Structure formats: C-alpha cells, structure tokens
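# What the coordinates show
Now for the letters of each chain:
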Amino acid sequence: MEPPVVRPRRLRSTAAVRRLVAETSLEARQLVLPVFVREGLSDGEGPRPISSMPGVVQHTRSSLLAAATEAAELGLGGIMLFGIPEHKDAVGSGAIDPDGILNRAIRDVVGEVGDTLPVMADLCLDEFTDHGHCGVQTREGRVDNDATLEIYAEMARAQAAAGVDLVGPSGMMDGQVAVVRAALDEASHHDVAVLAYSAKYASAFYGPFREAVDSSLQGDRRSYQQDPANAREGLREVLLDIEQGADIVMVKPALPYLDVLRQVRDAVGVPVAAYNISGEYAMVEAAAANGWIDREAAILETLLSIRRAGADVVLTYWAAEAARLLTR
Ligand code: PBG
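Computed from a predicted model, the values in this text were never measured in an experiment. (Residues numbered from 1 in each chain as written. Predicted model: local features only at pLDDT ≥ 70, side-chain atom pairs only at ≥ 80, totals over all residues. Heavy atoms only, no water.)

In this section: the site of the ligand. Around the ligand, a shell composed of 17 residues is seen, among which Asp-126, Lys-200, Arg-210, Lys-252 and Tyr-317 lie nearest. A distance of 2.7 Å is found between an oxygen atom of the ligand and a side-chain nitrogen or oxygen belonging to Lys-200. One of the backbone N or O atoms of Ser-278 is found 2.7 Å from an oxygen atom in the ligand. Alone, the ligand offers 400 Å² of accessible surface; in the complex the protein occludes 100% of this. The pocket occupied by the ligand, as judged from atoms lying within 2 Å of grid points, is the largest cavity. Residue composition of the shell around the ligand, by class: 7 nonpolar, 3 polar and 7 charged. (Near = heavy atom within 4 Å. Polar contact = N/O pair within 3.5 Å; in protein donor to acceptor, adjacent residues only side chain to side chain. Areas by Shrake-Rupley, 256 points an atom, 1.4 Å probe, with all protein chains shown as cover. 1 Å grid on protein atoms, 1.4 Å probe; cavity = no way out; pocket = protein on both sides within 12 Å on 5 of 7 lines; lining within 4 Å. Sits in = over half its atoms within 2 Å of the grid points. Nonpolar A, V, L, I, M, F, W, Y, C, P; charged D, E, K, R; others polar.)

What follows is the structure, encoded as structure tokens:
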C-alpha cells in the first residue's frame, strides 16, 4: 500500500516541535482568580471551605490579602472579588455601604497590591439580597429592571471610590452597562473599566457558587439570564453592551457555551473573557477525586479549550494553580 503523501504527524514528533506549532497559548496573565470574602469570619477561625468546590474557600480578611499577594506574584491577569455579607435584606443594602464587605475588601486588596494586579469586583445584588435575586423585586415578586439599575449605579460609585480597577456588572439587567458607565463618569472615575457579563446564561452549573455565597435563592433566574437554547441572542447582548461602553465582554459559563464564545470573538474588536464557573470546576474536581481523570492534565486542557474557542481572558478558580503548573 502507498504511504500517505501528507504526514501531519511530523509536526507531533517531539515536545519541542509540538511547542513550535502550538496555535494557542495559556499564560498566567490571561487568568483571573475569583475569590470569596466572608464578613464576620475572623482570622482566628480561618478561611471556611466550600464543600462543593474542594480547594476553594470563603476568605477571612488576612487570607484574602495573602491570596491577592500570591496572585500578584504569579503575574495573574487579575482578581475578581465576591463579598458575602453577614446580613442580607430585600434591597441588598450591604452592596452600596462603603463599609460593606465587598467595598472593604476592594480597599484592602488595592491597598495591598496597588497597580501590580488588576482588581475587579462583581457588581450584582444577589450576594446581598435576602431573596437571592440579582435585583430588587416589584410587589408582585418580579425583578424590577429599572429600580435595580439605580442601585447598580450607586454600587459602581462605591466600588470605584474603594479603588476598583474594573467593575463586573453581572445581573443581566437591560441597560446596566450604560448606567454603570454613566455613574462612573459622573463621579470622574473615567479610568475604571467595565468588564461586562454580557452573554450570561441561566445555567445549572452555577450550583456550587450558590453554596459559596450562602445564596438564599428560591426558584431561578430565567426571567433575566439567557435561555441556553440561544446563541444569536448572546451575540446580540454582547453588541448591546459594547454600544453601551463595555471595555471587555464576557461569556458565561464557558464550557457549555464555547460556540457562543467563538461567535463573539469573531464578531467584536474588544477583549473577550469567559468564566469557567463553579460547576465546571466541581465536575473536574469530583471526577479527579474519584481517580477517574488526571486532574492537572484536565485542568490545563479545560483552560486551553476556552482560550482556543476565543477567550483572551479566562476567569477560573484554578488561576493560581494553573499559573504554577505552567511554569513547571
Ligand atoms: C452573580 C454571579 C453568579 C456567578 C458569578 N456572578 C451567580 C449567578 O448568576 O447565579 C456564578 C459564578 C460561578 O458559578 O462560578 N453575582
């Protein structure tokens, strides 16, 4: 039998040749570490593990600062802060309180890392509301888009005053990017950038995150987050956010929506991020804990696949570990 004329395997023959022709890279600077900080958790008690996210914790003040310092030393792309308040209420008051847990955490972390690590914060009410929704509710129990926007504007100003570099509006309210941008500009925070959670789907894979932030959500978010059936609509949301001033747009979750990510990357000029979310993390950790997959290889393959699909930036709970693996 004639051997094949074309032999693609030549370029796979050694690790060095494979490195030469690799189309996609994975680098520490592309990875953003999401972290949780819990109000009222003393340094004496120490960080509190999140059972559905083995290896991820609710931080105390000092363990948060240690994580931020490490992230800066590793040259990560950034740190994304989530706050868990001691008291939640119907309007999420803790979110706009300058001394609320998230705003305090921003001030602390920025004080620690300065300009060496971009500091980002989730801009959403769900961690702060007692009903667990991303916005305030009407008397009929629906999420009130425009009343929520007013609170997002205040939240943006509070986070900017605390020194945040990028705000991450994640509540999927219509017009949220425009309102946040205007609020920042009115307060002369022209340099604070908007990382918009633009195409955010109502996903079952957020499950472990709900434990991470002690969420009290009953029901679901399908009246504001997107239907998993819709890819074109994801692109539409992205384009709307860019019109409204988004500096970076994000697709979330990542793995079940790599097709959306690719379409977005091909359609826009701004940097594109993807969020490798809690359930994606938990699946790999659970399979690895059972000895069913090679944990480290699965982590790197997961992150590389998200980069290959078009993400410039990947938010991942493995950011620090992956950065260490990459320099090995
Ligand atoms: C909203 C928010 C959520 C996540 C990030 N920001 C939860 C949600 O929309 O239900 C999920 C992140 C993850 O699952 O890792 N504040």
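Having seen the structure, we can now continue with the description.
All right, on to the nonpolar core then. Across soluble globular proteins, nonpolar side chains show a tendency to be buried alongside one another. Among the nonpolar cores identified, the biggest contains 100 residues, and Phe-36, Leu-76, Leu-81, Val-109 and Tyr-152 are the most heavily contacted of them. Not counting residues within four places of it along the chain, the set of residues in contact with Phe-36 comprises Ile-50, Val-56, Val-57, Gln-58, His-59, Phe-82, Ile-84, Phe-209, Ala-212, Val-213 and Tyr-317. (Core = buried A, V, L, I, M, F, W, Y, C linked by side-chain atoms within 4.5 Å. Buried < 20%, exposed > 50% of the residue type's maximum accessible area, 1.4 Å probe, protein only. Contact = heavy atoms within 4.5 Å.)

This part takes up the packing of helix α9 (residues 278-289) against helix α10 (residues 295-308). Their axes nearest at 9 Å, the elements α9 and α10 cross at an angle of 160°. As the angle between them shows, α9 and α10 are arranged roughly antiparallel. When you trace α9 past α10, the crossing you get is right-handed. Only Arg-295, Ala-298, Ile-299 and Thr-302 of α10 make contact with α9, whose side of the interface consists of Val-284, Glu-285 and Ala-288. When its residues are assigned to classes, the contact of α9 with α10 shows 4 nonpolar, 1 polar and 2 charged. (Axes fitted to C-alpha atoms, helices over the stretch in contact; angles between N-to-C directions. Helix = DSSP H or I, 4+ residues; strand = E, 2+ residues; numbered from the N terminus. Parallel < 35°, antiparallel > 145°, perpendicular 65-115°, else oblique. Left-handed = near helix turned anticlockwise from the far one by under 90°.)

This part is about unusual backbone geometry. Look at the link from Lys-252 to Pro-253: it is a cis peptide, with omega at -10°. In this structure, Pro-253 sits in the loop between β8 (248-252) and α8 (258-267). The backbone phi angle of Met-172 is positive, close to 55°, even though this residue is not glycine. Among the structural elements, Met-172 can be located in the loop between β6 (166-169) and α5 (176-186). Even without being a glycine, Ser-188 presents a positive backbone phi close to 65°. When you line up the elements, Ser-188 lands in the loop between α5 and β7 (193-200).

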